[in-house]
Amino acid sequence: MMLPRLLRASESVDRLDGVAEKLAHRLRRVLRGNVLDKALRGSWIGHPTHPLIVTVPIGAWVCSAAFDALGDREAARRLIGIGALTAPAAVVTGLAEYSRLSTVQRRVGLLHLTANVAAQACYVTSHRCRSRGSHSAGMLWSALGLAAVATGGALGGHLSYALGAGVYEWQEGPEH
C-alpha cells in the first residue's frame, strides 16, 4: 500500500534534522516544564490537549466543504473563518508536544507542522477570496487546504499511533 510506505518514508527525511533540532531546542528553552508547558501539554486534563484542540479547525474546514457542496456559500465562508481563527491554538499545543519528541518523531512532526501551516495559508486565502466575492477561487483554495489538512492528519496519526509520540508523556510523575 502506498500511503503506509510514504508515511514510513517520512521518518527518514534526515535533511530536516538541523531545523527540527533547533526548533525543539528553542521550545524546550521557553517551556522548560513550567506552568505554561504543563497547561499547553494538558496536565490539567490528564492527557495531551493537541488532539482535542485540532478537532475544531479540522471540523470547521470539513464542514465548510459540505456547505460548499450544498451551495451555502456564507456558511462555508464562516466555517473557514472559524477554522482559521482556531488553528493557531492547535499549532501552539502541537509545538509544546514537539519539544519532547525524538529525532525520528521530530522529522515527521516537522512535516506534519508544514502541511498544517500550508492548510492554514490555503484557508486564509480562501476566506479572502470569498470575502471579495470570488467564490470559485475560494472553493479551489479550500480544496487545496483540505488536501493539506488530510496530509497533516495522516502524518499526525503516524506520529502518534506508529511512532508513539506523546504516549504516556503527559502523565505527571517524578521525571516530569
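Parameters and conventions
Residues numbered from 1 in each chain as written. Predicted model: local features only at pLDDT ≥ 70, side-chain atom pairs only at ≥ 80, totals over all residues. Heavy atoms only, no water. Axes fitted to C-alpha atoms, helices over the stretch in contact; angles between N-to-C directions. Helix = DSSP H or I, 4+ residues; strand = E, 2+ residues; numbered from the N terminus. Parallel < 35°, antiparallel > 145°, perpendicular 65-115°, else oblique. Left-handed = near helix turned anticlockwise from the far one by under 90°. Contact = heavy atoms within 4.5 Å. Nonpolar A, V, L, I, M, F, W, Y, C, P; charged D, E, K, R; others polar. 1 Å grid on protein atoms, 1.4 Å probe; cavity = no way out; pocket = protein on both sides within 12 Å on 5 of 7 lines; lining within 4 Å. Points joined across faces, edges and corners; volume = space filled by probe spheres on them. Patch = residues over 30% accessible without salt bridge, like charges linked within 9 Å, V, L, I, M, F, W, Y side chains within 5 Å. Areas by Shrake-Rupley, 256 points an atom, 1.4 Å probe, with all protein chains shown as cover. Salt bridge = Lys/Arg side-chain N within 4 Å of Asp/Glu carboxyl O. Lys, Arg positive; Asp, Glu negative; His and termini not counted. Charge placed at Lys NZ, Arg CZ, Asp CG, Glu CD.

> I would appreciate a short explanation of the packing of helix 1 (residues 2-10) against helix 8 (residues 135-162) in the present structure.
For any two helices packed against each other, the geometry comes down to the angle between their axes and how far apart the axes lie. Packing of helix 1 against helix 8 brings their axes to within 10 Å, and their N-to-C directions diverge by 70 degrees. In terms of orientation, helix 1 lies roughly perpendicular with respect to helix 8. Helix 8 is crossed by helix 1, and the crossing has right-handed handedness. Side by side, helix 1 and helix 8 meet where L7, R8 and S10 of the first sit next to A154, L155 and H158 of the second. Across the contact of helix 1 with helix 8, the residue classes break down as 3 nonpolar, 2 polar and 1 charged.

> How do you make sense of the layout of surface pockets when you look at a structure like this?
Which parts of space are left empty comes out when a probe the size of a water molecule is rolled across the atoms. In this model, the largest pocket occupies a volume close to 920 Å³. In terms of lining residues, the largest pocket is bounded by 34 residues, among which H50, P51, V54, H112 and G156 are the most central. Elements supplying a minimum of two residues to the lining of the largest pocket: helix 4 (50-53), helix 5 (55-70), helix 6 (73-98), helix 7 (103-131) and helix 8. A breakdown of the residues in the lining of the largest pocket according to their chemical character gives 21 nonpolar, 12 polar and 1 charged.

> Looking at this structure, how should I read a positive patch on the surface?
Residues K22, R26, R29 and R32 make up a contiguous surface patch of positive charge. Within the secondary structure layout, R29 lies in helix 2 (residues 17-31).

These values are about where atoms sit, not about what they do.
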